Amino acid sequence: FLEAMGLECQEVVGRTALELNTWADPRQLQDIFESLQRNHIFRGEVKLRKRSGETFWGLMSASVFEDDGVSCVLSVTQDLSDVKAAQDEINNLSFYDPLTGLPNRRLLMDRLQRSPLAASRTHRKRALLFVDLDNFKSLNDAHGHQTGDLLLQEVALRLDSCVRDTDTVARCGGDEFAVMLENLSEVAEDAAAQAQSIGEKILSISSQPYQLAGHECHCPSSIGITVFGEELESANDALQRAEIAMFQAKEAGRNTIRFFAPALQAAVNARAAMEADLRQAIKANQFVLYYQPQVERGRLIGAEALIRWQHPRHGLLTPGEFIPLAEETGLILTLGDWVLEAACEQVAAWGDRKETAAITLAVNISARQFRQADFVERVLAALKRT
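Residues numbered from 1 in each chain as written. Predicted model: local features only at pLDDT ≥ 70, side-chain atom pairs only at ≥ 80, totals over all residues. Heavy atoms only, no water.

Colleague: It is not clear to me how the layout of surface pockets should be interpreted in this structure. Could you clarify?
Modeller: Vacant regions in the atomic arrangement are exposed by a probe of water-molecule size rolled over the atoms. Space inside the largest pocket adds up to approximately 660 Å³. Those elements giving two or more residues to the lining of the largest pocket turn out to be helix H1 (2–5), helix H3 (17–20), helix H4 (27–39), strand S2 (55–67) and strand S3 (70–79). Considering each element in turn, the lining of the largest pocket owes the most residues, six residues, to S3. Each residue belonging to the lining of the largest pocket can be placed in one class, and the counts come to 17 nonpolar, six polar and two charged. (1 Å grid on protein atoms, 1.4 Å probe; cavity = no way out; pocket = protein on both sides within 12 Å on 5 of 7 lines; lining within 4 Å. Points joined across faces, edges and corners; volume = space filled by probe spheres on them. Helix = DSSP H or I, 4+ residues; strand = E, 2+ residues; numbered from the N terminus. Nonpolar A, V, L, I, M, F, W, Y, C, P; charged D, E, K, R; others polar.)

Put into structure tokens, the structure is as follows:
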């Protein structure tokens, strides 16, 4: 006991187990005594603390006996450190890829199988991205398996950097990886947009060159995506759909993304086109402000500035058709600056006319604008310029 716990004899004699602080969780001691009171014996795993502070698991057998009429407890404990280490190793081999340290296909399937239950509680969508490296075989043949292994380890690190702690990055085998995204939007189209955003990050980061064993290697990827919720029938279905979408990405020219559901693919394509149009609209100054009047007893006392987009193909668009996208993409900051400047110019123009000089103008501000550290300075600067 002294050797195992790192204690000296004089420290131990006459002191209780609690005083020696040998229990990693003192509540276990209560469980042991309750068992001894009921059955006069105890057998089970306990967690003990050495003098150094190091903890270890042991298998304890304890029984009650009499010594000159005094009830005593004799316990014998077997150190389970090697057994626990072996169990951890078996678990790692069963559920984790030894090369990359990522969850393997078996653990991924287990987490996918639990997804419908979680989705039924939150109603949020999930997505599975199937990532296949485009020219891994050629690289492997050219530079050898050792370089190929280094590449797979680097890919694992890059994929992991693209997701949140709640998401799962797994290696399915060979040069195939999967990314399971949790807690996306409840709306399928919005969830698809979120998955697309992660997919684009992965495409971008995997297209950057790899420095491996003195070689500069290029290995972009093709990605297939499926979005699902509580309707998922099986983990195999999700993986198969994402894989089918990945093959579609390969056929489309590689280094690209495809969705399994045609409707979601169409929605994502439309969103991408709208985002491109929105960026062009800001450059081409296609926006205009309308002013909603505020009237009191027949007299104009104020107005609210309301933005409209004079789209060259779709005509006049209201804020509900483009502001959410501007918020998500960050373009709302540039757009918000323009609205503030244009509104201030209008107030200045109205100030030169007697009938409109006293008008108060309201301007809507995005929450993202408020979060800017220099928001106040931006407003004051716009006022000063105009």
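Colleague: What exactly am I supposed to notice about the packing of helix H7 (residues 136–143) against helix H8 (residues 145–161) here?
Modeller: Geometrically, a packed helix pair is captured by the angle between its two axes and the distance between the axes. As a packed pair, H7 and H8 sit with axes 7 Å apart at the nearest point and diverge in direction by 140°. Between H7 and H8, the crossing angle belongs to the class labelled oblique. Along its contact with H7, which presents Phe136, Leu139, Asn140 and His143, the element H8 presents His145, Thr147, Gly148, Leu151 and Leu152. A class-by-class count of the residues in the contact of H7 with H8 yields four nonpolar, five polar and no charged. (Axes fitted to C-alpha atoms, helices over the stretch in contact; angles between N-to-C directions. Parallel < 35°, antiparallel > 145°, perpendicular 65-115°, else oblique. Contact = heavy atoms within 4.5 Å.)

Colleague: How should I be thinking about the sheet that holds strand S4 (residues 126–133) in this particular structure?
Modeller: Backbone-to-backbone hydrogen bonds join strands into a sheet, with any given pair of strands oriented parallel or antiparallel. Pairing is mixed across the open sheet formed by five strands, whose spatial order is S5-S6-S4-S9-S10. Strands with a single pairing partner mark the edges of an open sheet, and in this sheet they are strand S5 (168–173) and strand S10 (257–259). Neighbour to neighbour, the strand axes of the sheet diverge by 20° on average, direction disregarded. As judged from the six bridges shared by S4 and strand S6 (residues 176–181), these two strands associate in the antiparallel manner. When the sheet's bridge partners are listed, Phe130 is paired in S6 with Ala178. Across the sheet, helix H9 (residues 188–207) touches S4, S6, strand S9 (221–228) and S10, and the angle it forms with S9 is around 160°. In this fold helix H11 (residues 262–284) packs onto S9 and S10, with an angle of close to 135° to the strand it touches most, S10. (Pairing = 2+ DSSP bridges.)

Colleague: Just checking my understanding: could you explain the environment of Gln292 for this structure?
Modeller: Along the chain, Gln292 falls in strand S11 (residues 287–296). We classify Gln292 as partly exposed; its relative accessible area is 44%. For Gln292, the residues in contact, after removing those within four places along its chain, are Gly302, Ala303, Glu304 and Leu306. (Buried < 20%, exposed > 50% of the residue type's maximum accessible area, 1.4 Å probe, protein only.)

Colleague: Looking at this model, I keep getting lost on the environment of Thr329. Mind explaining?
Modeller: The residue Thr329 is located in helix H12 (residues 323–329) in this model. Here the alpha-carbon distance between Thr329 and Glu275, two residues 54 residues apart in the chain, equals 8.0 Å.

Colleague: Please clarify how the sheet that holds S2 should be interpreted in this entry.
Modeller: With respect to topology, three strands assemble into an open sheet ordered S1-S2-S3, the strand pairing being antiparallel. Taken across any chain shown, the strands that pair with only one partner, and hence form the sheet edges, are strand S1 (41–49) and S3. Neighbouring strand axes in the sheet, compared pairwise and without regard to direction, differ in orientation by 35° on average. Where S1 and S2 come together, nine bridges link them in antiparallel fashion. Residue Phe42 lies in a different strand from S2, and its bridge partner there is Ala62. Set on the sheet, H4 makes contact with S1, S2 and S3; between it and S1 the angle comes to about 165°.

Colleague: I tried to follow the packing of helix H13 (residues 332–351) against helix H15 (residues 375–385) on my own but got confused; where do I start?
Modeller: Following both chains from N to C, one finds H13 and H15 inclined at 35°, their axes separated by 9 Å at the closest point. For H13 against H15, the interelement crossing comes out right-handed. Along the contact surface, H13 presents Asp337, Leu340, Glu341 and Cys344, while H15 presents Arg378, Val379, Ala382, Leu383 and Arg385. (Left-handed = near helix turned anticlockwise from the far one by under 90°.)

Colleague: Quick question: what am I supposed to make of the side chain of Arg126 here?
Modeller: With respect to the secondary-structure elements, Arg126 resides in strand S4. Among the polar contacts listed, one links the side chain of Arg126 to the side chain of Glu182, at a separation of 2.5 Å. (Polar contact = N/O pair within 3.5 Å; in protein donor to acceptor, adjacent residues only side chain to side chain.)

Colleague: For this particular structure, what's the right way to read unusual backbone geometry?
Modeller: Across residues other than glycine, the phi torsion is negative in most instances, and most of the peptide bonds are trans. Of note, the phi angle at Asp68 is positive, near 55°, even though the residue is not glycine. With relative accessibility at 78%, the residue Asp68 sits in the exposed group. In this structure, Asn285 is a non-glycine residue whose phi angle is positive, near 55°. With respect to the secondary-structure elements, Asn285 resides in the loop between H11 and S11.

Colleague: Can you help me understand the packing of aromatic side chains in this one?
Modeller: What characterises a pair of aromatic rings is the spacing of the ring centres plus the angle enclosed by the ring planes. By the definition in use, this model includes six aromatic pairs. With 5.1 Å between their ring centres and 65° between their planes, Tyr291 and Trp350 make a pair best called edge-to-face. In this pair, Tyr291 sits in strand S11 while Trp350 sits in helix H13, placing the two residues 59 residues apart along the sequence. Here the aromatic rings of Trp309 and Phe322 are separated by 5.6 Å at their centres, their planes lie at 85°, and the arrangement is edge-to-face. Pair noted here: Trp309 is in strand S12 (residues 299–311) and Phe322 is in the loop between strand S13 (315–317) and H12, with a separation of 13 residues, a long-range link. The class of Phe322 is buried, set by a relative accessible area of 0%. By way of ring pairs, the aromatic residues Phe287, Trp309, Phe322 and Trp338 are connected into one cluster. (Phe/Tyr/Trp six-rings, centres within 6.5 Å; stacked < 30°, edge-to-face > 60°.)

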